[in-house]
Amino acid sequence: MVGAVSPLDLSALPLVDAHCHAITTAPLDDAAFALWCTEADDPAPEGVSYLDGQLGWALRRWCAPVLDLPSHAPVAEYLRRRRRLGADEAAARLLRAANLSALLVDTGPVLGGLADHAVLGTLAGAPTRWVIRLELLAEQIAPGCDAAGFAPAFATALREALPGAVAVKSIAAYRHGLHLDPARPQPHEVTAAAARWQRDGGRLADPVLLRHLLWTAVDAGLPIQLHTGWGDRDQPLARADPALLQPFCEATLGAGVPLVLLHCYPFHRQAGWLAQVYPHVYADVGLTVTHLGGRAAAVLGEFLELAPFGKLLYSSDAIGLPELYLVGAAQFRHGLGRVLGALVADGAVTAADAVQAAERIGAGNAARLYHLS
Amino acid sequence: MVGAVSPLDLSALPLVDAHCHAITTAPLDDAAFALWCTEADDPAPEGVSYLDGQLGWALRRWCAPVLDLPSHAPVAEYLRRRRRLGADEAAARLLRAANLSALLVDTGPVLGGLADHAVLGTLAGAPTRWVIRLELLAEQIAPGCDAAGFAPAFATALREALPGAVAVKSIAAYRHGLHLDPARPQPHEVTAAAARWQRDGGRLADPVLLRHLLWTAVDAGLPIQLHTGWGDRDQPLARADPALLQPFCEATLGAGVPLVLLHCYPFHRQAGWLAQVYPHVYADVGLTVTHLGGRAAAVLGEFLELAPFGKLLYSSDAIGLPELYLVGAAQFRHGLGRVLGALVADGAVTAADAVQAAERIGAGNAARLYHLS
Amino acid sequence: MVGAVSPLDLSALPLVDAHCHAITTAPLDDAAFALWCTEADDPAPEGVSYLDGQLGWALRRWCAPVLDLPSHAPVAEYLRRRRRLGADEAAARLLRAANLSALLVDTGPVLGGLADHAVLGTLAGAPTRWVIRLELLAEQIAPGCDAAGFAPAFATALREALPGAVAVKSIAAYRHGLHLDPARPQPHEVTAAAARWQRDGGRLADPVLLRHLLWTAVDAGLPIQLHTGWGDRDQPLARADPALLQPFCEATLGAGVPLVLLHCYPFHRQAGWLAQVYPHVYADVGLTVTHLGGRAAAVLGEFLELAPFGKLLYSSDAIGLPELYLVGAAQFRHGLGRVLGALVADGAVTAADAVQAAERIGAGNAARLYHLS
């Protein structure tokens, strides 16, 4: 007989939130709040609520008590209470409750209403370090140079941005797809692509330039976080399978630069395989665990298949709502405790070894990979 | 400690079977019965039985008691009992036991031995409404018009078929694959494609015509059910990933016509993502839950990840055997009760909220989406 | 209330290891041992261990007691004990503990340090039969013939290799990818491709030749095992989806030759569908179950979805380490007992029927398919 399963208690597990974004402390109406809880851009159709799903359930579970409500208080009651407390107080309580050791903050996206990044660390009571979004940096410097000057200007801007940063981030999956030619583009190709971009305008989406950014990042030597898997509808999901990055993994095998696959879902098993067979490839559960609520344990189990445990990282990918930093952290600690507790109950591992694996995934791997003190 | 999990009792959950087909009430020999229980077309090889799998186990579980046998009576005994009762009596008992509120019946496929659609509703004791299969309708009207007349004749036929129908259905995944150019084809393209088809004969498989059918359906305004994911070997599975429909989702974003992704498996997580980020996209568990038997709870859990609960629908996709309408319904109620019961036991949601979600997925969403009274 | 789940006790389940490789009995240092436990080719980066993952945990669980250590003894202690016992004694104990009825041994790959194949059967105390690796055989005979002579020489070599063999094996997924033209190549195409290969050298990777090998194997009439899904980084994972083999399944439908899809993960649900709809297609859990340790039950559950139970097979895909034959066998028996026990507890199947299914998957299907006496 298998007895009832006892989850590991990981409620105090040290956590580095290894990929997140800025928050908003602006007052939010109900519709705006709901839109921060989904990757959709448009209001839900009649009869549908974005909060009537796993993330909504998780938010009511983990956040309501922090605002002095019972767990699972209805959304309307939660939002009333949140307004009564004020956005600043709610944010401070929620971020403190996440109990994070450090936050690695993407410099993008730049959206209206997001607070200065420094606010986040102050509210969370934890150090923040930057993750430089490559495409944003390129778009910032492009207006100030001609086509031939783009490559040196980008290299300079990246070098100047490095102090304080622990990683760079690529959203090539959004701008083109991960089916990129893995080769470093030739200088004349970069100049020609920059000229086309400057002529045609718009955001940076040329695959030659996206590759150039990645290879410039390889030269800079920091770990490269790559968006893979799901996100908002601005990207083609079928082109976001991390398996499409295999040629780039191959091309960068000896370069000494770690590649961190973010999100991954629903291709997280492919990501786990890449993390097993490529020494420099890592997988990060961010976004997925946060949004999957009570299903997080099931998906964490799938992350814990092929990847060595030294290759998995926690993050929330939270943006906007202070709630999301807490939901991600609480759900991760809870879900990982369930998955590992089930393995312990099955006899697959000792409790002590399981806790050690949890400590590595929660914070140890991030500390080593991103050289956090 | 996590105690033993108590499934939610959803055995009386109101259910709309939002996608099914006609039944046969003809007497069936053992081999014919087995072929209705698989998506295979050919007899099983020596040593293999199509009833020795999840669907066979589920059929023996849920159907045997309805024919006065013990649960899990052997297949041979079940078939003997079925013949003794007579096909009509068996069908009446099984369909009544499914306890359906309504059945939305695909007008296709047209196969020998299937009863008139009206028989189904009478036996089930529930109202039926039609789902118009676009390709079938086009094949029916094509012989009566020339190439230039195809588009207006199809529009007229669709308009005339609308009363009594609640949705249309596309099997473009079978006839071509879901990697369709999303743009509405130009009239001269449609005429040229119709001329090619009339010259070459065969079934409708031209991608221009398939797109034309879809866009004519968009104009008609009813929800469009789309075959995605697994089915029989007549379709290329790799081309049935609903993520390939993303460009069509994008193109129809403002059109006010819901798209319902049927079946989805093994790409149901991709379908859940589309249902989250596109306001007009829905996902239907039909076929998958029916055939997966005791594994239905596991897969329903995966359906309940990214999709808002207002975007998920039940159906059986049953065809031919009255057993399949019951297996789908019973397995769905049972499996959803297990998934939600586990979430309640985990503290992820209250029982009351879980039951509300079940009611929406079982019938509420279908009633709203298909305007059932 | 659902009570605590009682796994089926399958600890004495007869098992045919239907796909494995040769072992090494050479003394191994710690680094070499670790590299046999991963599909990676390169040492793990600092802070990461290939044994700190599911396979490492499973190895400590199942193998330590066989070497007189407590279950879950630390890796360093395990390796010390292994050296003290000696590689031969360790191998003999581990292989006997796997308790196999027969082993079907791939003739490849040819790597330094692997023992003669006969050693394996002697140590395991079980009969071995050969699985002929097509590409290896072609590379062995190619130097002795000219381009026009390649096809007849390969046919002769295959015919001569058949006695003692029960199957052939294709690694076309590695050498090209599974998106092969399914048609049998014309003789002049084969000659031209052989001429190119002989001119350019290197290993056999030409898709025309890979197809020719497969069709020659179809003529020979033995079951064809095909690598699909994950493996080492030498293959493009995105090209190893067994769904890409659908055209070849279609082309060989009437040929009377079974196709066995090996490994499959993370595309095992696609493989299960092929095994349902094509009478001659089978799916083998090898490699996946061995490496997934405590997650094996979860993935076996997914294998048990669409495939008829007469279409699933056990293998370890073990190579090199005697430990892997035992880990695969022990983990399969344990994991399948959990999956089936949960289905019995749920009421989905009787214990007697579940045990019968286990017996088929463990040995019965292999005995029938490979004509083992």
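Since we're looking at a predicted model, the values are computed, not measured.

Section: the pairing of strand E5 (residues 224-228) of chain A
All names here are of chain A. Here E5 lies mainly inside the structure; 5 of its 5 residues are buried. Here E5 shows a buried face lined by Ile-224, Leu-226 and Thr-228 and a second buried face lined by Gln-225 and His-227. Examined bridge by bridge, strand E4 (residues 165-170) and E5 share 3 bridges and lie parallel to one another. Bridge pairing links Val-168 to Ile-224 in E5. In this sheet, strand E6 (residues 259-263) lies alongside E5 in parallel orientation, the contact comprising 5 bridges. Each residue of the ladder has a partner; that of His-227, found in E6, is Leu-262. The β-α-β motif built from E5, the intervening helix H11 (residues 246-251) and the parallel element E6 has right-handed crossover chirality.

Quick notes on the interface of chain B and chain A
Interface extent is often summarised as the accessible area lost during association of the parts. Facing 37 residues of chain B, the contacting portion of chain A comprises 42 residues. Taken together, both faces of the contact between chain B and chain A bury some 3400 Å²; the carbon and sulfur share is 57%. Connecting chain B to chain A are 7 salt bridges. For the salt bridge of Arg-60 of chain A with Asp-353 of chain B, the shortest nitrogen-to-oxygen distance reads 2.5 Å. Linking chain B with chain A are 20 residue pairs in polar contact (both at pLDDT 80 or more), by the criterion used here. At the level of secondary structure, the elements contributing two or more residues to the side of chain B that touches chain A comprise helix H11 (246-251), helix H12 (268-277), helix H14 (296-303), helix H15 (322-346) and helix H16 (351-369) of chain B. Across the side of chain B that touches chain A, the residue classes break down as 20 nonpolar, 8 polar and 9 charged.

Observations concerning the UniProt feature "domain: Amidohydrolase-related" (unreviewed entry) in chain A
Per the UniProt record, "domain: Amidohydrolase-related" (unreviewed entry) is found at residues 150-372 of chain A. For residues 150-372 of chain A, the helix share is 52%, the strand share is 10%, and the end-to-end C-alpha distance is 32 Å.

Observations concerning helix H3 (residues 75-85) of chain B
Residues and elements named next belong to chain B. Turning to H3, its buried residues are Tyr-78, Leu-79 and Arg-82. Along H3, the residues classed as buried sweep out an arc of 95° about the axis, all on the same side. Tucked into the core, H3 has its buried residues touching helix H1 (30-35), helix H2 (54-63), helix H4 (87-98) and H15. Gly-86 sits one or two positions beyond H3 and adopts a positive phi of about 95°.

Thoughts on the nonpolar core
Core analysis: the largest hydrophobic core is formed by 388 residues, its most contacted members being Phe-150 of chain A, Phe-150 of chain B together with Phe-150 of chain C. Phe-150 of chain C has contacts with Ala-138, Ile-141, Cys-145, Val-190, Ala-194, Trp-197, Leu-209, His-212 and Leu-213 of chain C, leaving out every residue within four places of it along the chain.

Looking at the relation of the copies chain B and chain C
Note: a rotation about an axis with an accompanying shift along it relates these two copies of the chain. For the pair chain B and chain C, the relating rotation is 120°, the translation along its axis is 0.0 Å, and the fit reaches an RMSD of 0.0 Å. Such values leave the two copies arranged in the relation of a three-fold axis. Looking at the interface residues of chain B, only 2% of them are also at the interface in chain C, so each copy uses its own face.

Comments concerning the pattern of salt bridges
By the definition in use, this model includes 69 salt bridges over all chains. The partner of Arg-360 of chain B in a salt bridge is Asp-52 of chain A, and the shortest N-O contact between them spans 2.9 Å. In this pair, Arg-360 of chain B is assigned in helix H16 and Asp-52 of chain A in the loop between helix H1 (30-36) and helix H2 (54-63), connecting two distinct chains. Here Asp-206 of chain A makes a salt bridge to Arg-196 of chain A, at a shortest N to O gap of 2.9 Å.

Cut-off values and rules
Residues numbered from 1 in each chain as written. Chains lettered and ligands numbered in written order. Predicted model: local features only at pLDDT ≥ 70, side-chain atom pairs only at ≥ 80, totals over all residues. Heavy atoms only, no water. Buried < 20%, exposed > 50% of the residue type's maximum accessible area, 1.4 Å probe, protein only. Helix = DSSP H or I, 4+ residues; strand = E, 2+ residues; numbered from the N terminus. Pairing = 2+ DSSP bridges. Right-handed = clockwise from strand over helix to strand, strands pointing away. Contact = heavy atoms within 4.5 Å. Buried area = accessible area lost by both parts, 1.4 Å probe. Salt bridge = Lys/Arg side-chain N within 4 Å of Asp/Glu carboxyl O. Polar contact = N/O pair within 3.5 Å; in protein donor to acceptor, adjacent residues only side chain to side chain. Nonpolar A, V, L, I, M, F, W, Y, C, P; charged D, E, K, R; others polar. UniProt positions renumbered as here; feature names shortened; annotations may be inferred. Arc of directions from axis to C-beta. Core = buried A, V, L, I, M, F, W, Y, C linked by side-chain atoms within 4.5 Å. Least-squares fit on C-alpha atoms with pLDDT ≥ 70 in both.

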